[in-house]
Amino acid sequence: MAMGPILRNIQLHKPWFSLHHSSASRFISTLVLAEHESGQIKSSSISSVEAAKSLSEDNTISVLLAGSGPSLQEAATHAASCHPSVSQVFVAESDKLKYPLAEAWAKLVESVQKTGGYSHIFAASGSFGKNILPRAAALLDVSPITDVTAMSGCHQFVRPIYAGNALCTVRYTGESPCMLTVRSTSFPITSGARANAAPIHQVDLSTFGEDVLDKSRYVKQSSQDTERPDLGNARIVVTGGRGLKSAENFKMIEELAEKLGAAVGATRAAVDAGFIPNELQVGQTGKIVAPELYMAFGVSGAIQHIAGMRDSKVIVAVNKDSDAPIFQVADYGLVGDLFEIIPELLEKLPEKK
Amino acid sequence: MKVMVAIKRVVDYAVKIRVKPDKSGVETKNVKMSMNPFCEIGLEEAIRIRESGLASEVVAVSIGPAQCVDTLRTGLAMGADRAIHVESMAEHLHPLNVAKLLRALVLVEKPGLLILGKQAIDDDCNQTGQMVAGLLNWPQGTFASKLVLDKEKQTATVDREVDGGIETLCLDLPAVITTDLRLNQPRYATLPNIMKAKSKPIKKVSPEELNVQIRSDFEVVQVSEPPKRKAGVILSSVDELIDKLKNEARVI
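Residues numbered from 1 in each chain as written. Chains lettered and ligands numbered in written order. Predicted model: local features only at pLDDT ≥ 70, side-chain atom pairs only at ≥ 80, totals over all residues. Heavy atoms only, no water.

### Details of the sheet that holds strand β12 (residues 218-224) of chain B
Spatial ordering of the open sheet is given by β8(A)-β9(A)-β10(A)-β12(B), a layout of four strands whose pairing is antiparallel. This sheet does not close on itself; its edge strands, each paired only once, are β8 (150-151) of chain A together with β12 of chain B. Bridge analysis of strand β10 (residues 166-172) of chain A against β12(B) gives six bridges, and the strand direction is antiparallel. Bridged to L167(A) within β12(B) is S224(B). (Pairing = 2+ DSSP bridges. Helix = DSSP H or I, 4+ residues; strand = E, 2+ residues; numbered from the N terminus.)

Spelled out as structure tokens, the structure:
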């Protein structure tokens with residue numbers, strides 16, 4: 001069955017959704033490029049749905065998942081009930097989409113867009129969205145906007161520039177679709193799961209294989225530590241910098257994080273020095289976090305690091321240099337030796353609830 | 001094989017930028033400008049590839065106003081063989097326009113590898129490499145922390161820094177690579193190389209000659225400062241810190 005008629009029917013007949021738009025307003029519909037893991041849609045993708053909802057109450061939101069195998073279909077089921085604003089879920093199942101390769105995904109987005117004619121396409125601003133969305137935008141001949149932190153109307157957005165030291169409000173004056181990557185920390189999930197699931201449709205991929213570039217092959221991925229809370233979502237983050245001096249000493253940061261039920265973060269200096277793996281780097285070109293509590297030990301506070309954590313609710317800094325720039329953003333500072341302060345904290349902090 | 005590297009002239013990474021009082025943009029007059037750090041890493045990688053015998057020539061490219069020539073001279077001093085300057089006064093050379101210009105140059109120069117920085121530290125877009133790759137229909141290896149070329153198989157094995165750690169891909173050449181921080185440590189240009197660079201060619205090309213129309217898809221409404229955090233306090237003991245976190249901030 002061809003995809004086109006199905007999509008058109010869905011957009012016109014939605015019993016739980018009323019379309020209120022004056023003749024002056026344009027029909028807003030958003031395709032969210034979603035990620036999944038272990039049979040669940042990722043929370044950063046649900047944040048993208050929140051972001052789409054904040055664009056317009058009349059936004060028809062479709063979620064697109066791709067991959068292969070049973071965990072994909074499980075993730076689709078989860079996606080169908082993850083947020084009340086999801087109108088439908090599209091599933092693209094193919095061996096070519098087993099891994100999130102940009103070449104295949106961009107072709108998929110181009111194809112789904114040509115059929116669905118969305119006014120907006122969103123992805124979360126992580127390594128998946130940033131890798132894929134611009135390539136898809138080039139195929140569709142539109143200019144994308146990266147790392148949006150706020151919407152002010154359907155075609156006006158705010159995004160950080162110069163490592164977040166300035167905020168740029170841009171109006172998009174190009175053609176449809178308007179394509180954005182959105183910063184998850186700026187669109188926290190406020191709605192819970194819903195009782196009635198949205199419909200799930202399989203994307204027709206019968207002609208998909210033909211023009212997908214076969215020149216990119218997945219080899220392997222480093223394994224991640226899944227015990228600790230995810231850095232992007234954790235309520236508390238404990239970060240270590242160059243001041244920890246060695247990978248061995250970094251274990252103190254891990255112990256403190258364990259005590260607080262926190263995620264572990266690191267500065268570029270700590271990762272470059274080999275104390276800790278790259279996926280824990282917080283900063284302009286690493287992860288952007290906005291936890292309730294951010295504790296930085298032995299971190300000087302370079303502009304590029306601040307860019308990644310300046311939206312934290314409460315910032316604590318511990319450094320033996322009272323002139324360290326980190327103290328300019330910290331709510332609470334302690335000037336002293338972290339090798340004495342961390343053990344004292346470990347001793348005196350209450351056990352996590 | 002030729003390696004082409006795109007480089008951008010940006011406000012130096014150490015500069016504390018100021019937003020203009022009229023909110024029209026960021027103050028860039030009399031501010032130190034440098035080669036984008038990610039572009040430097042890209043150029044360094046290209047030069048190492050040539051030094052290892054896997055490429056015959058490194059061509060540096062920059063798109064923008066006349067001052068781009070300074071950045072290209074630095075690139076030549078680092079070791080690029082020649083440079084191309086696409087002169088454009090366009091106020092906002094958005095990634096899509098830059099991508100189209102780079103594509104046009106690639107079709108002329110026919111490199112086996114196109115390297116770009118993952119993002120420019122001024123606009124922080126992180127789009128151009130991906131867009132050129134899409135326009136050229138070449139495979140892409142973005143956020144590269146390691147690059148190994150195989151001359152016989154004509155492939156590039158790329159380690160990429162992704163949210164979950166390191167992902168390794170194998171790409172058929174020609175390909176587009178965007179550099180991440182840990183790919184290499186760029187060299188400083190030595191004085192003899194700076195002198196040699198003065199006689200290396202910089203070719204000037206216009207967007208019209210490349211048959212590319214610069215199209216504007218955005219309007220900058222305003223540029224503002226981020227919300228300021230209220231001033232913090234320096235505490236005198238761990239006990240005080242725990243007390244504040246528990247009873248004042250209420251985060252633990």
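### A word on the pattern of salt bridges
Counted under the stated rule, the structure contains 34 salt bridges over all chains. For E344(A), the salt bridge is made with K348(A), and the minimal N-O distance between the two is 2.8 Å. Separated by four residues within a single helix, E344(A) and K348(A) lie in helix α9 (residues 338-348), roughly one turn from each other. Relative accessible area serves as the criterion here: at 25%, E344(A) is assigned to the partly exposed category. Exposure remark for K348(A): the relative accessible area of 35% places this residue in the partly exposed category. E57(B) is paired through a salt bridge with R82(B); the nearest N and O atoms lie 2.7 Å apart. Within this pair, whereas E57(B) is found in strand β4 (residues 57-64), its partner R82(B) is found in strand β5 (residues 82-87), the two being separated by 25 residues in sequence. Accessibility assignment for this pair places E57(B) and R82(B) in one class, buried. One salt-bridge network, held together by shared partners, links D141(A), K100(B), R215(B) and D217(B). (Salt bridge = Lys/Arg side-chain N within 4 Å of Asp/Glu carboxyl O. Buried < 20%, exposed > 50% of the residue type's maximum accessible area, 1.4 Å probe, protein only.)

### Here's the deal with helix α1 (residues 37-51) of chain B
Residues and elements named next belong to chain B. For α1, spanning 15 residues, the distance from its first C-alpha to its last is 21 Å, which sits close to the expected 21 Å at 1.5 Å a residue. Among the residues of α1, F38, C39, I41, G42, L43, E44, E45, A46, I47 and I49 are the ones counted as buried. Immediately beyond the C-terminal end of α1, within one or two residues, lies G53, with a positive phi of roughly 90°. (Expected span 1.5 Å × (residues − 1).)

### What about the packing of helix α5 (residues 127-139) of chain A against helix α4 (residues 128-136) of chain B?
Remark: α5(A) packs on α4(B), axes separated minimally by 7 Å, with the N-to-C direction vectors making an angle of 45°. When the axis of α5(A) is compared with that of α4(B), the two are oblique. Viewed along their axes, α5(A) and α4(B) form a crossing whose handedness is right-handed. The segment α5(A) lies against α4(B), with K130(A), N131(A), P134(A), R135(A), A137(A), A138(A) and L139(A) engaging Q130(B), M131(B), A133(B), G134(B) and L135(B). A per-class count over the contact of α5(A) with α4(B) returns seven nonpolar, three polar and two charged. (Axes fitted to C-alpha atoms, helices over the stretch in contact; angles between N-to-C directions. Parallel < 35°, antiparallel > 145°, perpendicular 65-115°, else oblique. Left-handed = near helix turned anticlockwise from the far one by under 90°. Contact = heavy atoms within 4.5 Å. Nonpolar A, V, L, I, M, F, W, Y, C, P; charged D, E, K, R; others polar.)

### Brief notes about the sheet that holds β4(B)
Read across the open sheet, the ten strands follow the order β13(A)-β9(B)-β8(B)-β7(B)-β10(B)-β6(B)-β1(B)-β4(B)-β5(B)-β11(B); overall the sheet is mixed. Taken across any chain shown, the strands that pair with only one partner, and hence form the sheet edges, are β13 (216-221) of chain A together with β11 (202-205) of chain B. Averaged over neighbouring strand pairs, the angle between their axes works out to 30° when direction is ignored. Sitting on the sheet, helix α2 (residues 68-78) of chain B is in contact with β4, β5 and β11 of chain B, with an inclination near 165° to β5(B).

### Digging into the side chain of H305(A)
Residues and elements named next belong to chain A. For H305, the location among the structural elements is in helix α8 (residues 303-309). Accessibility expressed as a relative area gives 6% for H305, which makes it buried. Of the polar contacts made by the side chain of H305, one reaches the backbone oxygen of V282; its length is 3.0 Å. Every residue in contact with H305, bar those within four places of it in the chain, is listed here: T239, A266, T267, V282, G283, Y294 and V299. (Polar contact = N/O pair within 3.5 Å; in protein donor to acceptor, adjacent residues only side chain to side chain.)

### Let's talk about the environment of F128(A)
Residues and elements named next belong to chain A. Turning to its location among the elements, F128 is positioned in helix α5. On a C-alpha basis, the gap between F128 and L33 in space is 9.4 Å, while along the polypeptide they are 95 residues apart. Beyond its immediate chain neighbours, meaning those up to four positions away, F128 contacts L33, A34, E35, P100 and W105.

### Digging into the pairing of strand β6 (residues 113-117) of chain B
Residues and elements named next belong to chain B. Most of β6 sits inside the fold, with five of its five residues counted as buried. Along β6, one buried face is formed by L113, I115 and G117 and the opposite face, lined by L114 and L116, is buried too. The sheet contact formed by β6 and strand β10 (residues 175-179) spans five bridges and is parallel. Counted as the bridge partner of G117 is T179 from β10.

### What about the packing of aromatic side chains?
If you walk through the whole model with that rule in mind, you get four aromatic pairs over all chains. Measuring from ring centre to ring centre gives 5.1 Å for W105(A) and F128(A), while their planes differ by 90°; the resulting arrangement is edge-to-face. Here the residue W105(A) occupies a position in helix α4 (residues 102-116), and F128(A) occupies one in helix α5, the gap between them amounting to 23 residues. Here W105(A) matches F128(A) in class, with each residue buried. Here K118(B) stacks its cationic end above the ring of F143(B), 5.6 Å away from the centre of that ring. (Phe/Tyr/Trp six-rings, centres within 6.5 Å; stacked < 30°, edge-to-face > 60°. Lys NZ or Arg CZ within 6 Å of the ring centre and 35° of its normal.)

### Focus on the packing of helix α3 (residues 95-109) of chain B against α4(B)
Residue and element names in this part refer to chain B. Packing of α3 against α4 brings their axes to within 8 Å, and their N-to-C directions diverge by 50°. Comparing their axes, α4 and α3 come out oblique. Taken as a pair, α3 and α4 cross one another with a handedness that is right-handed. On α4, the residues that touch P95, L96, V98, A99, K100, L102, R103, V106 and L107 of α3 are T128, M131, V132, L135 and L136. For the contact of α3 with α4, a count of residues per class yields eleven nonpolar, one polar and two charged.

### A few points about the interface of chain A and chain B
Chain A puts 86 residues into the contact, and the matching count from chain B is 80 residues. Of all residues in chain A, the largest losses of buried area upon contact with chain B belong to R135(A), Y162(A) and Y332(A), amounting jointly to 11% of the total for that side. Here chain A and chain B share seven salt bridges between them. R229(B) is the partner of D331(A) in a salt bridge, and the nearest nitrogen-oxygen pair spans 2.8 Å. The interface formed by chain A and chain B includes 47 residue pairs in polar contact (both at pLDDT 80 or more). Take the side of chain A that touches chain B: its biggest share by element is eight residues, from α5(A). The class makeup of the residues in the side of chain A that touches chain B is 40 nonpolar, 23 polar and 23 charged. Two elements, strand β18 (residues 332-335) of chain A and strand β13 (residues 233-235) of chain B, share three bridges in a ladder whose sense is parallel. Across the sheet, the residue bridging to L334(A) is L235(B), located in β13(B). (Buried area = accessible area lost by both parts, 1.4 Å probe.)

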